[in-house]
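Inside the fold
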Amino acid sequence: MKDKPSTADDIREVLVPHFEGEKFTPPIIALLSAIAGGVLFHFSFDPYGLWGLLPAALGGLIFASFTRRWITAVVAGLAFGVSAFIPLFSWANIYAGLGPWLALAAFEALYIAVFSFLTRLILVRRGIRFSSSVGIACLWAIMEFVRASVPWGGLSWGMSAFAFSNSPLLNFGPWLGITGLGAVSGLLGALVFSALCALTFRRAKGRNGMHAVWPASVAIIIVLCALVTPRPANSVDSGHHSIHIAGIQGNIERPKAGSYYIPDTMFDNHVERTREFLATNESARLIVWPEDSTGWDVTAHPERMATLKDLARESGAPILVGTQRPNGEKARFNTSVLVDDNGLTGQEYTKRHPVPFGEYIPQREFFAKITDKVSLVERDMTPGDKPGIIDLSGAKIGVLICFEIAYEQSVADTVNAGAELLVVQSNNALFLDSHESVQQLAQAKVFAVISGRSVVHISTVGDSAIFTPEGRKLAGLGHWTAGTMTADVPVRTGLTPAMQHGVAIRGIIAACAGVVLLGSIIAPPRTIKERRSRP
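Here goes a summary of the coordinates provided. Just so you know, the residues in each chain are numbered from 1, in the order the chain's sequence is written. For a predicted model such as this one, the threshold for reporting local features is a pLDDT of at least 70, and the threshold for listing and counting side-chain atom pairs is 80 or more; totals across whole chains, interfaces and linings nevertheless cover every residue. Side-chain numbers here rest on the full set of heavy atoms in the structure, without hydrogens or water.

With respect to the overall build of the protein chain
Only DSSP runs of H or I reaching four residues or more are called helices, and only runs of E reaching two or more are called strands; each is numbered from the N terminus. If you tally the helices and strands in the protein chain, you get 15 helices and 15 strands. Projected onto the principal axes, the alpha-carbon positions of the protein chain cover approximately 105 × 55 × 35 Å. Only protein chains enter the calculation, and the probe is 1.4 Å; a residue is then buried if its accessible area is under 20% of its type maximum, exposed if over 50%, and partly exposed in between. Here the protein chain, with 535 residues, has 57% of them falling under the buried criterion. Note on contacts: a residue pair is in contact if any heavy atoms of the two residues lie within 4.5 Å. Restricting to contacts in the protein chain with at least 6 residues of sequence separation, those with at least 24 account for 71%. Shrake-Rupley sampling with a 1.4 Å probe provides the accessible areas, and residues are treated as covered by the protein chains on show and by no other component. When the accessible surface of the protein chain is split by element, carbon and sulfur atoms take 61% of a total near 21,800 Å².

Put into structure tokens, the structure is as follows:
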């Protein structure tokens with residue numbers, strides 16, 4: 001009996017890759033690749049510092065995104081984000097508990113899901129080619145920028161650039177900034193993806209096997225170029241080449257997990273460490289205490305102010321301390337205050353970038369209906385309205401508080417306001433033995449190089465360090481130790497391209513991503529007609 005002739009209902013159009021010979025990643029393989037990539041992503045950051053795993057991680061994510069169905073790519077992106085951010089944000093479990101920790105990781109994974117969706121669009125419509133790699137690289141960088149910006153100021157933790165604290169790729173930092181380093185990361189990841197597809201015979205005909213050499217070669221050339229990339233010119237203030245600074249790490253007993261209480265011993269321990277420093281007869285032009293080091297509103301405690309004035313008088317140097325101040329009945333300021341032998345100097349800085357859900361609750365009434373965790377933040381932190389600049393006998397000291405060192409715009413605003421070196425005051429006690437403190441220290445080093453400014457990063461309990469504009473460590477203190485770190489801290493006045501033209505750099509990267517995306521949207525998908533199978 002003859003088969004019936006095919007009708008229109010018997011024929012369907014099937015999506016195929018742009019170039020003949022390319023192959024989509026099967027769903028199960030995509031999921032496994034995404035999870036493996038997320039794990040590698042986590043291990044590329046401190047304390048592991050295996051930065052070479054980052055391109056492999058992003059290559060695995062792109063491989064997982066090249067699927068026939070868009071929903072598979074989205075799920076793969078979520079899997080990558082969750083497997084990366086759950087361990088990377090483990091400090092949030094200590095600080096806020098299991099629910100908020102998992103919610104944070106899941107929310108941040110949504111950005112990765114969007115990246116995977118758009119990456120798939122580029123690869124399906126344009127195929128595996130160098131222009132696609134460039135577009136995907138720029139897309140990754142812009143996704144990171146958006147993640148670090150919205151909503152409520154975003155979360156910059158886990159941006160690719162922070163994995164490069166001990167990498168030669170950090171040499172690109174002063175020229176390209178955080179977003180530019182993100183684009184470099186994305187390009188290396190796309191090259192790994194291209195090589196992987198060639199090795200597994202998933203590229204276009206004639207571009208498999210040995211054709212994996214060219215993307216691997218380009219990746220190696222990028223790293224070699226980083227090794228010989230010079231630093232931008234960075235002038236030295238003729239009045240002072242360096243400033244001798246002492247950072248005091250008082251240390252406290254380990255608080256209970258989830259406790260936001262600042263013990264009285266915080267102030268006492270920093271006084272004791274300062275007196276020990278003075279007993280060495282070593283002089284300093286500035287003594288720096290960490291965030292929260294004087295407890296709640298030191299200006300309302302005459303006895304503590306008297307102690308600070310005595311210490312300033314004995315040392316012959318002003319002391320920059322951290323304190324919390326009330327702002328009405330329900331709000332507060334996080335402030336750095338400069339004290340000398342006469343008391344308050346009138347120079348202070350109020351934190352401009354409070355951490356949402358950690359230091360204030362956005363839409364408090366709404367989230368109070370979802371979880372009782374909002375009660376942990378009793379007073380919302382009110383942001384300051386101007387960059388922190390302290391005038392120290394003509395030298396301009398830029399001040400940032402805690403997580404602000406992770407935000408490029410906060411650093412750029414301070415440097416462009418005239419800061420000649422940066423002081424970062426932090427309180428890491430609430431994160432206990434998590435990796436939060438060492439990851440924040442890596443951020444300080446990265447921004448020392450990007451900004452072209454020395455960074456004095458002082459914590460209540462560690463880790464603390466002083467970095468030069470070249471990223472060299474001058475002094476440091478470990479976790480849960482008490483002590484003092486001192487150094488002649490270099491002063492610089494030049495502006496790196498990253499600080500001076502950061503907005504333009506981001507604009508160029510965004511435009512590049514936009515052009516490739518627009519071209520992908522306009523290009524029709526490639527399909528073939530296929531006869532439906534009959535039962």
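There is more to say, and it comes next.
Here we look at the packing of helix α3 (residues 70–88) against helix α5 (residues 98–126)
The relative placement of two packed helices comes down to the angle between their axes together with the axis-to-axis distance. Look at α3 against α5: their axes get within 7 Å of each other, and the N-to-C directions meet at 140 degrees. By the angle between their directions, the pair α3 and α5 is classed as oblique. Considering only the axes of α3 and α5, their crossing is right-handed. Contacts between α3 and α5 involve Trp70, Ala73, Val74, Gly77, Leu78, Phe80, Gly81, Val82, Phe85 and Ile86 from the first element and Trp101, Leu102, Ala105, Glu108, Ala109, Leu110, Ile112, Ala113, Ser116, Phe117 and Arg120 from the second. We call Asp, Glu, Lys and Arg charged. Ala, Val, Leu, Ile, Met, Phe, Trp, Tyr, Cys and Pro are nonpolar, and the rest, Gly among them, are polar. Tallied by class, the residues present in the contact of α3 with α5 amount to 16 nonpolar, three polar and two charged. Here an angle of 0 to 180 degrees is reported between the N-to-C directions of two axes, which are lines fitted to C-alpha atoms, with helices fitted over the stretch in contact. Roughly parallel refers to an angle under 35 degrees, roughly antiparallel to one over 145, roughly perpendicular to one between 65 and 115, and oblique to any angle outside these ranges. A clockwise turn of the near helix away from the far one marks a right-handed crossing, whereas an anticlockwise turn of less than a right angle marks a left-handed crossing.

Here's the deal with helix α8 (residues 213–228)
The span one expects for a helix is its residue count, reduced by one, times 1.5 Å. The end-to-end C-alpha separation of α8 is 23 Å, in line with the 22 Å expected for 16 residues at 1.5 Å each. Three or more residues of α8 are buried, namely Pro215, Ala219, Ile222 and Ala226. The buried residues of α8 occupy an angular sector of 55 degrees when projected down its axis, which confines them to one face. In this structure, α8 carries Ile220, Leu227 and Val228 as exposed residues pointing more than 90 degrees from its buried face. Close packing links the buried residues of α8 with α7 (173–199). Working definition: the arc comes from the directions between the helix axis and the C-beta atoms, pointing outward to the latter.

Section: the packing of aromatic side chains
Aromatic ring pairs are defined here through the distance separating the ring centres and the angle between the ring planes. Aromatic pairs are defined between Phe, Tyr and Trp rings, using the six-membered ring for Trp, whenever the two ring centres lie within 6.5 Å; interplanar angles under 30 degrees are classed as stacked, those over 60 as edge-to-face, and all others as tilted. In total, this model carries 27 aromatic pairs according to the counting rule given. Each ring, one from Phe107 and one from Tyr111, has its centre 5.8 Å from the other, and the planes form 80 degrees; the classification is edge-to-face. Here Phe107 and its partner Tyr111 are both found in helix α5, four residues apart, which amounts to about one turn of the helix. Seen from their ring centres, Phe267 and Trp289 are 5.8 Å apart, and the 65 degrees between their planes marks the pair as edge-to-face. Of this pair, Phe267 sits in helix α9 (residues 265–279) while Trp289 sits in the loop between β3 (286–288) and α10 (302–315); the two residues are 22 residues apart in sequence, bridging distant segments of the chain. A relative accessible area of 5% means that Phe267 is categorised as buried. Exposure remark for Trp289: the relative accessible area of 0% places this residue in the buried category.

What about unusual backbone geometry?
Backbone geometry follows two general trends: most residues other than glycine have a negative phi, and most peptide bonds adopt the trans configuration. In this structure, the amide linkage connecting Asp46 to the following residue, Pro47, adopts the cis form with an omega of 10 degrees. Mapped onto the secondary structure, Pro47 falls in the loop between α1 (27–43) and α2 (53–65). Cis geometry is found at the peptide bond from Gly462 to Asp463, where omega equals 0 degrees. Residue placement: Asp463 occurs in the loop between β11 (455–459) and β12 (464–467). Unlike most non-glycine residues, Asn251 shows phi in positive territory, near 70 degrees.

Overview of the pairing of strand β4 (residues 319–327)
Burial within β4 is extensive, with seven of its nine residues counted as buried. Two strands qualify as a pair provided that DSSP identifies no fewer than 2 bridges between them. With two bridges connecting them, β3 and β4 associate as parallel partners. For Val288, the partnering residue across the bridge sits in β4 and is Leu320. Between β4 and strand β5 (residues 331–340), which pair antiparallel one after the other, the connecting turn spans three residues, and Gly328 there sits at a positive phi close to 80 degrees.

Here we look at the sheet that holds strand β8 (residues 388–392)
Ordered in space as β8-β9-β10-β11-β12-β13, the six strands form an open sheet in which the pairing is mixed. The sheet is open, and its two borders are formed by β8 and β13 (473–477), each paired with just one other strand. Taking the axes of each pair of neighbouring strands and ignoring which way they run, one obtains an average angle of 20 degrees across the sheet. Pairing between β11 and β12: three bridges, direction antiparallel. Bridge pairing in β12 places Val455 opposite Phe467. Helix-sheet contacts for helix α13 (residues 436–451) involve β10 (421–426), β11 and β12, and the interaxial angle to β12 is about 10 degrees.

Quick word on the pattern of salt bridges
Just to be clear on terms, a salt bridge is a Lys or Arg side-chain nitrogen sitting within 4 Å of an Asp or Glu carboxyl oxygen. Counting across every chain of the model gives 12 salt bridges. Asp310 is the partner of Arg313 in a salt bridge, and the nearest nitrogen-oxygen pair spans 2.8 Å. Of the two residues, Arg313 and Asp310 both sit in helix α10, three residues apart, roughly one turn of that helix. Residue Lys396 is joined to Asp391 by a salt bridge in which the shortest nitrogen-to-oxygen separation is 2.9 Å. Overall, the relative accessible area of 30% leaves Lys396 in the partly exposed class. When salt bridges with common partners are traced through the structure, they connect Glu272, Arg273 and Glu276 into a single cluster.

Re the pairing of β13
Both faces of the sheet carry side chains from a regular strand, because those side chains alternate between them. As paired elements, β12 and β13 share four bridges and run antiparallel to each other. Across the sheet, residue Ser464 finds its bridge partner in β13, namely Leu477. Once β12 ends, the chain turns through five residues before running back antiparallel as β13, passing Gly471 with a positive phi of about 90 degrees.

A short note on the packing of α7 against α8
Contact geometry for α7 and α8: axes closest at 8 Å, N-to-C directions at 155 degrees. Between α7 and α8, the angle is such that the two are roughly antiparallel. As α7 packs across α8, the resulting crossing turns out to be left-handed. Across from Val184, Leu187, Leu188, Leu191, Ser194 and Ala195 in α7, the residues of α8 making contact are Trp214, Pro215, Val218, Ala219 and Ile222. Tallied by class, the residues present in the contact of α7 with α8 amount to 10 nonpolar, one polar and no charged.

Points about the environment of Ala30
With respect to the element layout, Ala30 can be found in helix α1. Here the alpha-carbon distance between Ala30 and Val75, two residues 45 residues apart in the chain, equals 9.2 Å. Ignoring sequence-local partners within four residues, the contact set of Ala30 consists of Thr25, Ala64, Thr67, Thr72 and Ala76.

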